Structure formats: structure tokens, C-alpha cells
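Overview (structure and organization)
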Amino acid sequence: MIKSVFMGLGLVLAASRAVAADVAPLVEADWLAERLGSEDLVVLDVRSGIDDGGDRDSFEAAHIPGSVYSSYTEAGWRETRNEVSGLLPSVESLESLIGGLGIDNDDTVVIVPAGTGPTDFGSAARVYWTFKVLGHDEVAILDGGFAGWQAQEHEIASGATPPPDAADFQGRLDTTLIATTEEVQAARESQAQLVDARPADYFRGETQSPAATAPGTIPGARNLPFHRLLTQRQQAWYLDDEVLGARINAAELDRGLPTVAFCNTGHWAAIDWFVLSEVAGFDQVRLYDGSMAEWTRGEELPLALSE
């Protein structure tokens, strides 16, 4: 019988807060408001066209004072290679992107999603994972995003912002957080658990993403739909501590096993990766950034249509 993975989650969160001096993986608006203007703090707004009204125009109309803007979909956080979308760019490309935002290795980065729906939390989670992959641990996500910041009536700024002074950011690739197609194949033959972050209709093969060449899931995967991990309140979307454990347990996931999260293009899966690795305290969680977009292009790779 699989033991409850939610037991002791509060202890995991408390321990996380003590790891990096002052920053937890998930921070609240009040926490950020108290620290705005602090030296070596960068507030990174990643709203984009996949959000409800999120883009540079939205940022210039209203944003957290002092924040820096970088479009999740347009700035180069992900790239397409060999017709597979959503892949992690090279370390050199990401160093240039991050350094161009004025971020160096001594900065604490708080990532701000739109907060207008479950999908846009994936933008922040994917950028968070990217920082972690590059060896930068001083990073957090603002729970509720900008919508939550507004709903809680914190200070708002508007207008175009000058480009930040470029900084020197150096990344060192942490391959323990990345799963390749070959490693996913190996995971199917071992005791590792595969976690499909997509909604149930994708998991069952009833719906197919345009990024994939066929419907279905990776055989043996368990389903932990990303959108069921967040809850709306006060016009914003938050990770819901009260339901996370129940969702994880319902998927029959074991915190003691190596885990690989995937979806269609490694976007929704970033939410599952964040929840399992950074919130629930699973020790060995990887993100398959190629996900079904890459898996379905392998002619000999199996697919399952789950009931």
C-alpha cells in the first residue's frame, strides 16, 4: 500500500523556507511587498499571450513596482528543435537571456505569472525550473501572480520601464532535473514513476495536442492533472494546500521513487514538477521537456490509450 505523501508537508515547507536564508519556493504577496526595493531582489514578470490578457502591453498598463518584464512565450525561455516545441535552450542562450534582464548569480528572483488561470502558473513553474536547471537556487514564485497582487490591493505601477543594465549570469547545467527520451524509456523498465500532467481527456487519448503526432500517453504513466492543483479565490489562482495531498495520493504516487513529469510540451508538466519536487518534497523529480511532442515522433515508442 502506498503511504500518504501528504503527511508532513508542512514540515517540508518549513524546511524549504530555511534553506535559502529568506526565500521559499512559493511566496505570498505580503512577503514580497515587505521586500520590494531590497538589494539583489529581482521581480520577474513573465506574463505572455497564453494568459488572459497577458503581454507587454498588460505589463506596461499595470505591474509590480520595480519589476522586470520578460515574455514567457517570446523571449526565448523555450525553443523548437527538430519540429519539437517547448525544449530547453542551450545554457549559453539562457545565460544571455537572464543576464540581459539584469540578473546575476547573487540575485534572488521572484517570478510573477499572470495569476488568471491554472495554465499561466505553468509559465512561472517552467521559468523556475529553468533557473534550477542552471544551478540558481535563489528563486521563488509569487502565489496568485499579478492578479493576486492586485486583489490584495498592493501598490501598482504603470508605464514603460527602461531596459535593465545587463549583468553577468553564469549557469551550470544540473542534468538531474532533466529527463531525456532515453531516460524515460529506461524509467518504464525500472521502478521510476511517470506522471502525466495533462487533463484526463488527453491522458485517455480522447484529445490530442497539435504538438503531438498521435493521441495517448506513455504506457505505465499515472495522471496528476495540473489544473486540479490550483484553486481560484479573489479573482486569482493559487496552489491549494488543502487539496494537493489528496490529488497526489489519488494518483498513487510514492515520494520514495524517482519521478518524471511530462505533458505535451513541458509546460503543464512544470506545474507537476514544482508541486512534487518543491512543495511535496519528492527527492528525485525530473521534467521531460520534450514530453509527448517528442515521444510521439519516435516511431518505435509505445503509446497507451487509458480507460
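The notes below deal with the structure included here. (Residues numbered from 1 in each chain as written. Predicted model: local features only at pLDDT ≥ 70, side-chain atom pairs only at ≥ 80, totals over all residues. Heavy atoms only, no water.)

With that out of the way, let us pick up the sheet that holds strand 3 (residues 68–69). The strand order across the open sheet formed by five strands is 1-7-6-2-3, and the pairing between neighbours is parallel. Bordering the open sheet on either side are strand 1 (26–27) and strand 3, each of which pairs with just one other strand. Sheet topology note: the strand 6 (residues 108–112)/strand 7 (residues 139–142) ladder contains three bridges and is parallel. Bridge pairing in strand 7 places V109 opposite V139. Docked against the sheet, helix 5 (residues 118–133) engages strand 1, strand 2 (41–45), strand 6 and strand 7, running at close to 175° with respect to strand 7. (Pairing = 2+ DSSP bridges. Helix = DSSP H or I, 4+ residues; strand = E, 2+ residues; numbered from the N terminus. Contact = heavy atoms within 4.5 Å. Axes fitted to C-alpha atoms, helices over the stretch in contact; angles between N-to-C directions.)

Now for the nonpolar core. If you look at soluble globular proteins, the nonpolar side chains tend to sit buried side by side. Core analysis: the biggest nonpolar cluster contains 56 residues, and L44, W77, I103, I111, F131, W273 and F274 have the highest contact counts within it. Of all the secondary structure elements, the ones that give two or more residues to this core are strand 2, helix 4 (91–100), strand 6, helix 5, strand 7, helix 9 (241–250), helix 10 (268–279) and strand 13 (285–287). (Core = buried A, V, L, I, M, F, W, Y, C linked by side-chain atoms within 4.5 Å. Buried < 20%, exposed > 50% of the residue type's maximum accessible area, 1.4 Å probe, protein only.)

Let's shift gears to the sheet that holds strand 9 (residues 222–223). Strand order in the open sheet made by the four strands is 9-8-12-13, with parallel pairing throughout. Looking at which strands have only one partner, the edges of the open sheet turn out to be strand 9 and strand 13. As paired elements, strand 8 (residues 193–196) and strand 12 (residues 259–262) share four bridges and run parallel to each other. Its bridge partner being in strand 12, D196 is matched across the sheet by F262. Along the sheet, helix 10 contacts strand 8, strand 12 and strand 13; its crossing angle with strand 13, the most-contacted strand, is approximately 165°.

The next point concerns the environment of A61. Along the chain, A61 turns up in helix 3 (residues 56–61). When the C-alpha positions of A61 and I156 are compared, they lie 9.5 Å apart, and in sequence the two are 95 residues distant. Not counting residues up to four positions away in its chain, the partners in contact with A61 are A157 and S158.

This structure, assessed with the given rule, holds nine salt bridges. The partner of R35 in a salt bridge is E34, with the nearest N and O atoms 3.4 Å apart. Between R198 and D196 there is a salt bridge; the shortest N-O distance is 2.8 Å. The same class applies to R198 as to D196, namely buried. Salt bridges linked by common partners bring K132, D137 and E278 together as one network. (Salt bridge = Lys/Arg side-chain N within 4 Å of Asp/Glu carboxyl O.)

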